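# Survey of secondary and tertiary structure
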Amino acid sequence: MQRFIIFLLAISLGIYLASWSKTNNDIDGAKKAIKNAYPDITVDNIRVFNDKFFEVTVQKEIFYITKDYENLVAGNIIELKTGENLTEKTKQNARVSLINNLDTNRMIIYKPKKTNHVLTVFTDTSCPYCKKLHDEIDNLITNNIEVRYVLFSRNGNNDDAFRQMVSIWCSGDRLKNLDMAFDGDFIKNDNSCENPISKNYTSAQNLGVTGTPMIFTGDGKLIVGYQPSRAIIAYLEKLSSN
């Protein structure tokens, strides 16, 4: 009996190792195919997507290679049965990881009494649509939505907006001064302190932020640009009901 059990274990281990080796060799073959076709491209990640494709990540962009290494596909993979965008799901998972690693000490946070949803918003005080969104922040807070602002200058650090956001951060009352900045006041003081504005710019790049405001939900879904607060509330309620 003991010999039989050992025999079964040996067979199971052999199947596992053969499967692992085949998968590993498949990925190596896909890497080689990319290298041969595009020698100057650096692949950030490659994995088996399903029985037909490998998924390849290059500088936050996602591509697919067919299992025969013959075709490179640029675009979204959509599951016809469910309508789910599987490419977006991969991006969403990556965003969740990056957002969860953001330090809340680098944010200016508007908290409701009870938090049902969290929005991480990359914003710039010189952005008119950021101001438009901020004008409706009370409606978001009233609906138990916590707003976490990540301040960054979309035009870089050599900019009046950058200096203003540093002044806001180094002020005694960040919430009050941010409100004033969005109301059109230019916040300038002699305070200088260690601040996260430059680091936030790097985080924005890592998340693929291309404009402001750019809003991320707690599960990594993306709300691009300005949306009325009522639309954001309805969207979050729909996510909760699914």
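Here, every reference points to the structure presented above.
This section reports on the structure supplied with the text. Each chain carries its own residue numbering, running from 1 in the direction its sequence is written. Given that this is a predicted model, residues contribute local features only at a pLDDT of at least 70 and side-chain atom pairs are listed and counted only at 80 or more, while totals for whole chains, interfaces and linings are drawn from all residues. Excluding hydrogens and water, the side-chain values take into account all heavy atoms of the structure.

## Observations concerning the overall build of the protein chain
This is how the line gets drawn: What counts as a helix is a DSSP run of H or I of at least four residues, what counts as a strand is a run of E of at least two, and both are numbered from the N terminus. A 1.4 Å probe rolled over the protein chains alone gives each residue an accessible area, and that area as a share of the maximum for its type sets the label: buried under 20%, exposed over 50%, partly exposed in between. Working rule for contacts: check all heavy atoms of both residues, and any pair within 4.5 Å makes them a contact. Note on areas: these come from Shrake-Rupley sampling with a 1.4 Å probe, and a residue is covered only by the protein chains present in the view.
Across its full length, the protein chain carries eight helices and nine strands. Out of the 242 residues belonging to the protein chain, those deemed buried represent 38%. The long-range fraction of contacts in the protein chain, counting pairs at least 24 apart against all pairs at least 6 apart in sequence, stands at 60%. Surface summary for the protein chain: the accessible area is close to 14,600 Å², and the carbon and sulfur share equals 51%.

## Digging into the packing of aromatic side chains
The geometry of an aromatic ring pair comes down to the distance between the two centres and the angle between the two planes. In plain terms, the rule: Between the rings of Phe, Tyr and Trp (Trp by its six-membered ring), a pair exists once the centres lie within 6.5 Å; its type follows the angle of the planes, with under 30 degrees stacked, over 60 edge-to-face, and the other angles tilted. Consider the ring centre and the ring normal. A charge sits over the ring if Lys NZ or Arg CZ is within 6 Å of that centre and within 35 degrees of that normal.
According to the stated counting rule, one finds nine aromatic pairs in the structure shown. Where Phe53 meets Tyr64, the ring centres are 6.1 Å apart and the plane angle is 70°; that geometry is what we call edge-to-face. Pair noted here: Phe53 is in strand β2 (residues 53–58) and Tyr64 is in strand β3 (residues 61–66), with a separation of eleven residues, a long-range link. The pair formed by Phe53 and Tyr64 is uniform in burial state, with each residue classed as buried. Taking the centre distance of 5.9 Å and the plane angle of 75° together, the rings of Phe122 and Phe152 count as edge-to-face. On the criterion of sequence distance, the pair formed by Phe122 in strand β6 (residues 117–123) and Phe152 in the loop between β7 (145–151) and α5 (160–169) is long-range, its members being 30 residues apart. As far as the burial class goes, Phe122 and Phe152 line up, both buried. An aromatic cluster is defined as three or more aromatic residues linked by ring pairs; in this entry it consists of Phe122, Phe152, Tyr201 and Phe216. The ring of Phe54 is capped by Lys67, whose NZ or CZ atom sits 5.3 Å from the centre of that ring.

## So, the pattern of salt bridges
For the record, the criterion: Whenever Lys or Arg places a side-chain nitrogen within 4 Å of a carboxyl oxygen from Asp or Glu, that contact is recorded as a salt bridge.
Applying the stated criterion across every chain yields a total of ten salt bridges. Where Arg148 meets Glu146, a salt bridge forms, and the shortest distance between an N and an O atom there is 2.8 Å. A residue is classified by how much of its surface remains accessible, and Arg148, at 22% relative accessible area, is partly exposed. Since its relative accessible area comes to 3%, Glu146 is described here as buried. Overlapping salt bridges, with partners in common, bring together Lys111, Glu146 and Arg148 in one network.

## Details of the state of the cysteines
For clarity, the cut-off: Cysteine sulfur atoms that pair up within 2.5 Å are treated as a disulfide.
Under the definition given, this model contains one disulfide. For Cys170, the disulfide goes to Cys193, at an S-S distance of 2.1 Å. Handedness here is read from the sign of the S-S torsion; for Cys170 and Cys193, about -90°, the answer is left-handed. In this pair, Cys170 sits in the loop between α5 and α6 (174–182) while Cys193 sits in the loop between α6 and α7 (197–206), placing the two residues 23 residues apart along the sequence. Among the residues examined, Cys170 registers a relative accessible area of 11% and is labelled buried. On the basis of relative accessible area, Cys193 is assigned to the partly exposed category, the value being 33%.

## Notes on unusual backbone geometry
Cis geometry is adopted by the peptide bond preceding Pro213, which originates at Thr212 and carries an omega value of -10°. Secondary-structure assignment places Pro213 in the loop between α7 and β8 (214–217). Its identity as a non-glycine residue notwithstanding, Lys60 has a phi of 70°, on the positive side. Phi at Asn144 takes a positive value of approximately 65°, unusual for a residue other than glycine. Relative to the assigned elements, Asn144 resides in the loop between α4 (137–142) and β7.

## Quick word on the sheet that holds strand β4 (residues 72–74)
Cut-off, in case you're wondering: For two strands to be treated as a pair, DSSP must find no fewer than two bridges joining them. Angles here are taken between N-to-C directions and fall from 0 to 180 degrees, while the axes themselves are lines fitted to C-alpha atoms, restricted in helices to the stretch in contact.
Ordered by their spatial adjacency, four strands build an open sheet running β1-β2-β3-β4, and the pairing between neighbours is antiparallel. On the outer flanks of this sheet lie β1 (45–48) and β4, each paired with one strand and no other. Within the sheet, the average angular offset between the axes of one strand and its neighbour, ignoring direction, is 25°. Of the strands in this sheet, β1, β2 and β3 are in contact with helix α2 (residues 86–100), which crosses β3 at around 130°.

## Regarding α6
For clarity, the cut-off: Picture the helix axis, draw a direction to every C-beta atom, and the arc is the one those directions span. Contacts described as polar in this section are N or O atom pairs within 3.5 Å, which, within protein, must combine one atom able to donate a hydrogen with one able to accept it, while residues neighboring in sequence count only if both atoms come from side chains.
All buried positions along α6 are accounted for by Asn177, Leu178, Ala181 and Phe182. Considered in projection along α6, the buried side chains sweep an arc of 140° and stay on one side of the axis. Contacts from the buried residues of α6 go to β5 (108–110), β6, α3 (128–134), β7 and α5. Of the residues flanking the start of α6, the one acting as N-cap is Asp173, its side-chain oxygen 3.4 Å from the backbone nitrogen of Leu175. The first or second residue beyond α6 is Gly184, which carries a positive phi of 110°.

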